[in-house]
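The residues making up each chain are set out below.
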Amino acid sequence: MSPPKIKICGLTSREALDATIAARADYCGFVFYPPSPRNLAPETARALAAHAGARIGKVGLFVDPEDALLAAGIEAGSLDAVQLHGGETPARAAEVRARFGLPVWKAIAVSSAADIGRAEEYREAADLILFDARTPKGALPGGMGLKFDWSLLAGYAGAMPWGLAGGLAPGNVGEAIRATGAPLVDTSTGVESAPGEKDPGRIAAFCAAVRAR
Ligand SMILES: O=C(O)c1ccccc1N[C@@H]1O[C@H](COP(=O)(O)O)[C@@H](O)[C@H]1O
């Protein structure tokens, strides 16, 4: 079976982008959410996207964005997909997809089996579901290094493409893949040395661990 696809999210530097491409990750993530320590100004996103060119898929992360922010991020980051990581409804996800003509990845916050079932609501509205850990009220809605109970996804056979996020790191991603069968894994905090600072060695170790699962 082919290895899961890999997304390294929250890149803020050329060094981290180079490490992500060298490790043969499939996607990099650019954060367009001002409260995040990984938030990118448009000019930074533009420079990183130009450096990456077509060597890697570029996914823009947004949280309940207005159309103007989406438009600016999509243009600056030359995005290939939009990740919606807030409380966007199926109708809003479908609207974003139709308006901007890009695949939409919808993150779903998970703390119970019922949350896994919510993926079905986005069947006609999104292209991929990203299951991530629910974070505490008042905290960032992701990028906190928090895991959820992976057994909730054991044997998962949803109708849509999906991925796993939340607290994944070089030391646990193999176990996470074995527990869930995730076809895509996404990490941010687990490959950092400090919030917003990616560690090239940890990026390489994460990608190697995915392939060695
Ligand atoms: O990375 C952020 O700062 C962020 C901010 C707001 C929403 C989501 C965010 N990150 C995404 O959250 C998941 C899990 O991250 P982690 O590996 O647990 O740190 C992942 O998709 C990040 O891209």
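Residues numbered from 1 in each chain as written. Predicted model: local features only at pLDDT ≥ 70, side-chain atom pairs only at ≥ 80, totals over all residues.

A.B. asks: Before we move on, could you go through the site of the ligand and cite the residues and values that matter?
C.D. replies: As a matter of local geometry, the ligand sits amid 28 residues, with Cys-9, Ser-36, Gly-142, Gly-143 and Thr-189 nearest to it. Elements supplying a minimum of two residues to the shell around the ligand: strand 2 (27-31), strand 6 (128-133) and strand 8 (184-187). (Near = placed C-beta within 6 Å. Helix = DSSP H or I, 4+ residues; strand = E, 2+ residues; numbered from the N terminus.)

A.B. asks: Which residues make up the packing of helix 2 (residues 42-52) against helix 3 (residues 67-77), and what values do they have?
C.D. replies: The contact between helix 2 and helix 3 brings their axes to 7 Å, and the two run at 30 degrees. Seen from helix 2, the contacting residues are Pro-42, Ala-45, Arg-46 and Ala-49; seen from helix 3, they are Ala-72, Gly-73, Ala-76 and Gly-77. When the residues that make up the contact of helix 2 with helix 3 are grouped by side-chain class, the tally is five nonpolar, two polar and one charged. (Axes fitted to C-alpha atoms, helices over the stretch in contact; angles between N-to-C directions. Contact = placed C-beta atoms within 7 Å. Nonpolar A, V, L, I, M, F, W, Y, C, P; charged D, E, K, R; others polar.)

A.B. asks: Outline helix 7 (residues 200-211), listing residues and values.
C.D. replies: Helix length check: helix 7, at 12 residues, gives a terminal C-alpha distance of 17 Å against a target of 16 Å (1.5 Å per residue), a fit within 8%. Every buried residue of helix 7 is accounted for by Arg-202, Ile-203, Phe-206, Cys-207, Ala-209 and Val-210. Looking down the long axis of helix 7, one finds its buried residues gathered within 160 degrees of arc, a one-sided arrangement. The outward face of helix 7, more than 90 degrees from its buried face, is lined by the exposed residues Gly-201 and Arg-211. Contact partners of the buried residues in helix 7: strand 1 (5-9), helix 1 (14-22), helix 6 (173-180), strand 8 and strand 10 (197-198). (Expected span 1.5 Å × (residues − 1). Buried ≥ 20, exposed ≤ 12 C-beta atoms within 10 Å, placed from the backbone. Arc of directions from axis to C-beta.)

A.B. asks: Account for the sheet that holds strand 1, with residues named and values stated.
C.D. replies: Sheets are built from strands paired through backbone hydrogen bonds, the pairs being either parallel or antiparallel. Spatially, the eight strands close up into a barrel ordered 1-2-3-4-5-6-7-8, and their pairing is parallel. Direction aside, neighbouring strands of the sheet carry axes that sit 25 degrees apart on average. (Pairing = 2+ DSSP bridges.)

A.B. asks: Describe the UniProt feature "domain: N-(5'phosphoribosyl) anthranilate isomerase (PRAI)" (unreviewed entry) in the protein, and please don't skip the residues or the numbers.
C.D. replies: Following the UniProt record, one finds the feature "domain: N-(5'phosphoribosyl) anthranilate isomerase (PRAI)" (unreviewed entry) at residues 6-207. Annotated as residues 6-207, this span is 31% helix and 22% strand, and its ends, taken at the C-alpha atoms, are 7 Å apart. (UniProt positions renumbered as here; feature names shortened; annotations may be inferred.)

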